[in-house]
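# Remarks on the overall topology
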Amino acid sequence: MLSPTQLQIYLDVATEAVLAGGAVLQNYWGNLKDIQEKGRSGDLVTEADKASEQVVLEVLHRHVPDHRILTEESGALGNLDSELLWAIDPLDGTTNYAHQYPCYAVSVGLLVQGVPQVGAIFDPSHQELFRAARGLGATCNRRPIRVSQTQDLSRSLLVTGFAYDRRDTPDTNYAEFCYLTHLTQGVRRSGSAALDLAAVACGRMDGYWERGLSPWDITAGIVLVEEAGGKVTAYDESPVQISSGRILATNGWLHSSLSDRLLQVPNLAEWQ
Ligand code: IPD
Ligand code: CA
Ligand code: CA
């Protein structure tokens, strides 16, 4: 495991990386010339994703040249034998970004032996920098953040998302979305998993769930939620598996009730 000093050093590397990526994204904002679909319908990539990824990688290559890296646009890089793995989303919320809807982020997280330890998420539109490292707490713009205190699902505000494979699978998350909309004060869909987790960490949202995610979407956000006092697991409350793509993150108070609801979504006809 990493010492607090090492964690702080890597947190500063992650911070430098997300700020560099964020500056690139702000430069391309509103000026995209190359928007393409990556295989699946709706799964976009732009020149801004690629340019942000390049500057994030430059920062990592400079500071941690012997670590393993996994990025959304380039895949596996670096020292494949290293136990330290950086998971990078150079633009989380590409669909929003391409439509000039200002809800997107750069997310850089560090896993040690598969466990998230460090995370930085930068939201350029709102100039919010979220940071956390295991045992060192979570902050937004250098101020400590905490999860909400909402204890009843009926008083909660939740957020979720829908993966790009939603037209190819029966596991769409549509039924869960409808059911939880019915049971809560609302369910939002922001279009950025990293910002969804950051919103749970700072108490704006009480809980978040989603399937079909990748390690780069959630590594940084998991550290944020846990360090802000929240809980992150699989839907059934077992330890979260970073590669399973499924995550339930809450303020802790709502965790079991939300897990129960996600595991037993009745047919629409039964709850209307
Ligand atoms: C997507 C966003 C979205 C989530 C998708 C992700 P991208 O990432 O995080 O909120 O619902 O599952 O793939 O493609 O914008 O980096
Ligand atoms: Ca993403
Ligand atoms: Ca992305």
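See the structure shown above.
Reference entry: report on the structure contained in this document. Just so it is clear, the structure is predicted and the values come from calculations on it, not from any experiment. (Residues numbered from 1 in each chain as written. Chains lettered and ligands numbered in written order. Predicted model: local features only at pLDDT ≥ 70, side-chain atom pairs only at ≥ 80, totals over all residues. Heavy atoms only, no water.)

## Structural notes on the overall build of the protein chain
- Each helix and strand in the protein chain was counted, giving eight helices and 15 strands.
- A globule of 272 residues ought to have a C-alpha radius of gyration of about 19 Å, and the protein chain, at 18 Å, matches this closely.
- Burial status across the protein chain gives 55% buried among its 272 residues.
- A gap of 4 Å separates the mean positions of the 21 positive and 33 negative side-chain charges of the protein chain. (Helix = DSSP H or I, 4+ residues; strand = E, 2+ residues; numbered from the N terminus. Rg over C-alpha atoms; globule rule 2.2 N^0.38 Å. Buried < 20%, exposed > 50% of the residue type's maximum accessible area, 1.4 Å probe, protein only. Lys, Arg positive; Asp, Glu negative; His and termini not counted. Charge placed at Lys NZ, Arg CZ, Asp CG, Glu CD.)

## Overview of the pairing of strand β8 (residues 128–133)
- For β8, a buried count of six out of six residues is recorded, marking the element as mostly surrounded by other parts of the structure.
- Direction of pairing for strand β7 (residues 115–123) relative to β8: antiparallel, over a ladder of six bridges. If you follow Val-118 over to β8, its bridge partner there is Ala-133.
- Where β7 folds back on β8, the antiparallel hairpin that results is connected by four residues, among which Gln-127 adopts a positive phi of roughly 50°.
- As paired elements, β8 and strand β9 (residues 137–140) share four bridges and run antiparallel to each other. What sits directly across from Arg-131, in β9, is Thr-139.
- Between β8 and β9, which pair antiparallel in sequence order, lie three residues; one of them, Gly-135, sits at a positive phi of approximately 85°. (Pairing = 2+ DSSP bridges.)

## A few points about the coordination of the calcium ion (ligand 3)
- Of the protein atoms, only Glu-72 (OE), Asp-89 (OD), Asp-89 (OD) and Leu-91 (O) coordinate the calcium ion (ligand 3), at distances of 2.1 to 3.2 Å.
- The sequence motif formed by the donor residues of the calcium ion (ligand 3) is E-x16-D-x1-L.
- The metal-metal distance between the calcium ion (ligand 3) and the calcium ion (ligand 2) is 3.7 Å, with Asp-89 serving as a donor to both. Of this pair, Glu-72 sits in the loop between β3 (68–71) and β4 (75–78) while Asp-89 sits in strand β5 (residues 84–92), and the two are 17 residues apart along the sequence.
- A relative accessible area of 1% means that Asp-89 is categorised as buried. (Donors = N, O, S within 2.8 Å, 3.2 Å for Na, K, Ca; no water.)

## Thoughts on the site of ligand 1
- What surrounds ligand 1 is a group of 17 residues, the closest being Asp-92, Gly-93, Tyr-164, Gly-191 and Glu-210.
- Within the side chain of Tyr-164, an N or O atom sits 2.7 Å from an oxygen atom of ligand 1.
- Contact distances for ligand 1 include 3.1 Å between an oxygen atom and a backbone N or O atom of Gly-191.
- Burial of ligand 1 by the protein amounts to 96% of the accessible area it has alone, namely 370 Å².
- Mapping ligand 1 onto the cavity grids shows that it belongs to the largest pocket. (Near = heavy atom within 4 Å. Polar contact = N/O pair within 3.5 Å; in protein donor to acceptor, adjacent residues only side chain to side chain. Areas by Shrake-Rupley, 256 points an atom, 1.4 Å probe, with all protein chains shown as cover. 1 Å grid on protein atoms, 1.4 Å probe; cavity = no way out; pocket = protein on both sides within 12 Å on 5 of 7 lines; lining within 4 Å. Sits in = over half its atoms within 2 Å of the grid points.)

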